[in-house]
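Residue-level structure breakdown
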Amino acid sequence: MNTLISVIIPAYNEQDAIAKVIKDIPSFVHEIIVVSNNSTDHTVKNAKNAGATVLQEPKKGYGYACLKGMHYIKQQTIKPEIIVFLDGDYSDHPEQLPEIIAPILHQNIDFVLGARVKEYRETGAMTPQQIFGNGLATFLMKLFFNAKFTDLGPFRAIKYTSLLALEMEDKTYGWTVEMQLKVLKQKMSYIEIPVKYRNRIGVSKVSGTLKGTIFAGVKILSWIFKYSFK
């Protein structure tokens, strides 16, 4: 494939999953960038052994890790045309990457979201609070922006130039919804692709804890209301 594609994977203590994620990413990908978000286990070693470029981001937060990956790419002489984001816990199916990037390659779409639809989702892969939170967030986006999003899934692809234009800033739980809101506000083209989703390896750092669930919910809703009145 002539199109250069880079994958950014934020990872916090994913030593048992990260090598599996990297192994399942198609070989045509130009570079796999794992950003260790203050991991205290063997995530870094296992990611390096699996062939990934590994960066360290000591500040905890999903957005911090994603921004670190973007900063690294900005420093490179050769820039990718497409950036793919996915999680390091093996809940996403990296082998579906060709489906995620296809609308960008063939339809010139700016942004593609992998939607974790119920029929392709393993039982228990999403917690009830995740399902409720996604439903509320996407309902509000439809209400305020006439959006067609049905999910805030982590598996997503975007043109590199479009990603830069979004000027992403959220450091923690609001990263995914910020990206979608800015795509809407800037009237970029977007589409959802149904993807499979399985039970993650290990315990979720967000939906697996009460604190994480509350903070994520507050952050997501604050971004939506902030943009609805802009």
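Preceding block: the structure.
Every chain's residues receive numbers from 1 upward, in the order its sequence appears when written. Only residues with pLDDT of at least 70 get local features here, since the model is predicted, and only at 80 or more are side-chain atom pairs given and counted; chain-wide, interface and lining totals rely on the full set of residues. The side-chain quantities take in all heavy atoms of the structure and omit both hydrogens and water.

1. Overview of the packing of aromatic side chains
Short version of the rule: In this scheme Phe, Tyr and Trp rings, the latter by its six-membered ring, pair at centre separations within 6.5 Å, and the angle between planes marks the pair as stacked below 30 degrees, edge-to-face above 60, and tilted otherwise. In this description a helix means any DSSP run of H or I spanning at least four residues, a strand means any run of E spanning at least two, and both kinds are numbered starting from the N terminus. The classification of residues rests on relative accessible area computed with a 1.4 Å probe and restricted to protein chains. Under 20% of the type maximum is buried, over 50% is exposed, and intermediate values are partly exposed. In this analysis the charged atom, NZ for Lys or CZ for Arg, is taken to sit over a ring once it is within 6 Å of the ring centre and within 35 degrees of the ring normal.
On inspection of all chains with the given rule, the structure shows four aromatic pairs. With centroids separated by 6.1 Å and ring planes inclined at 75 degrees, the aromatic side chains of Phe-111 and Phe-149 adopt a geometry described as edge-to-face. Of this pair, Phe-111 sits in strand S5 (residues 111-115) while Phe-149 is found in the loop between helix H5 (128-145) and strand S6 (156-159), placing the two residues 38 residues apart along the sequence. For the pair Phe-111 and Phe-149, a shared accessibility class is recorded, and that class is buried. Between Phe-144 and Phe-145, the ring centres sit 6.4 Å apart and the planes meet at 70 degrees, which makes this aromatic pair edge-to-face. Connected via pairs of aromatic rings, a cluster forms that spans Phe-111, Phe-149 and Tyr-190. Over the face of the ring belonging to Tyr-197 we find Arg-116, whose NZ or CZ atom lies 5.0 Å from the ring centre. For Arg-198, the ring lying beneath its charged end belongs to Tyr-90, and the centroid distance is 3.6 Å.

2. Re the side chain of Ser-91
Where we set the bar: We define a polar contact as two N or O atoms separated by no more than 3.5 Å, with the added condition that, inside protein, one atom must be a possible hydrogen donor and the other a possible acceptor, whereas residues neighbouring each other in sequence contribute only through side-chain atom pairs. Only heavy atoms enter the contact rule, under which two residues are in contact if any of them lie within 4.5 Å.
Mapped onto the fold, Ser-91 is located in the loop between strand S4 (82-85) and helix H4 (97-107). Relative accessible area serves as the criterion here: at 1%, Ser-91 is assigned to the buried category. A polar contact of 2.5 Å, which involves the side chain of Ser-91, links it to the side chain of Asp-89. Contact partners of Ser-91, with chain neighbours within four places excluded, come to Lys-196, Tyr-197, Arg-198 and Arg-200.

3. Thoughts on the nonpolar core
Definition in use: Nonpolar cores were defined as sets of buried Ala, Val, Leu, Ile, Met, Phe, Trp, Tyr and Cys residues, with membership established by side-chain atoms within 4.5 Å.
In this structure, Phe-85 and Met-141 are the most contacted members of the largest nonpolar core, which totals 35 residues. Elements with a contribution of two residues or more to this core: strand S2 (31-36), helix H3 (62-75), S4, S5, H5, helix H6 (160-166), helix H7 (175-185) and helix H8 (210-228). Once you skip the residues sitting within four places of it in the chain, Phe-85 turns out to touch Ile-8, Cys-66, Pro-154, Phe-155, Arg-156, Ile-158, Leu-163, Trp-175 and Met-179. Ile-9, Val-44, Ala-52 and Val-54 belong to the second largest nonpolar core, which has 30 residues in total.

4. So, the sheet that holds strand S7 (residues 190-194)
Filter applied, for reference: A pair of strands is labelled paired if DSSP reports no fewer than 2 bridges between them. Here an axis means a line fitted to C-alpha atoms, over the contact stretch when the element is a helix, while the angle between two N-to-C directions is reported on a 0 to 180 degree scale.
Spatial strand order, S3-S2-S1-S4-S6-S5-S7: seven strands in an open sheet with mixed pairing. Strands at the two margins of the open sheet, each flanked by one partner only, are strand S3 (53-56) and S7. Between one strand and the next, the sheet's axes are offset by a mean angle of 20 degrees, whatever the strand orientation. As defined by bridge partners, strand S1 (residues 5-11) adjoins S2 across six bridges and the pair is classed as parallel. Within S2, the position partnered with Ser-6 by the bridge is Glu-31. Across the face of the sheet, H7 comes into contact with S4, S5, S6 and S7 while running at roughly 135 degrees to S5.

5. Focus on the pattern of salt bridges
So the rule is basically this: The term salt bridge refers to a side-chain nitrogen of Lys or Arg lying within 4 Å of a carboxyl oxygen of Asp or Glu.
Under the criterion given, the structure shown has seven salt bridges. Between Lys-159 and Asp-110 there is a salt bridge; the shortest N-O distance is 3.6 Å. Taken as a pair, Lys-159 in strand S6 and Asp-110 in the loop between H4 and S5 lie far apart in primary sequence, 49 residues in all. In this structure, Lys-159 and Asp-110 share a single accessibility class: buried. The residue Arg-116 makes a salt bridge to Asp-151 at a minimum N-O spacing of 2.8 Å.

6. Some remarks on the pairing of S3
Filter applied, for reference: Seen with the strands pointing away from the viewer, any crossover whose path from the first strand over the helix to the second strand runs clockwise is right-handed.
Judged from the four bridges that link them, S2 and S3 form a sheet pairing that is parallel. Considered in S3, the bridge of Ile-33 is made with Thr-53. Handedness of the S2-helix H2 (residues 43-49)-S3 crossover: right-handed.

7. Quick word on H4
Condition: It is the directions from the helix axis to the C-beta atoms that the arc portrays.
Here H4 has its buried residues at Leu-97, Ile-100, Ile-101, Pro-103 and Ile-104. Along the axis of H4, the buried residues cluster in a sector spanning 145 degrees; they form a single face. Of the residues in H4, the exposed ones pointing more than 90 degrees away from the buried face are His-106 and Gln-107. In this structure, the buried side of H4 is in contact with S1, S4, S5, S6 and S7.

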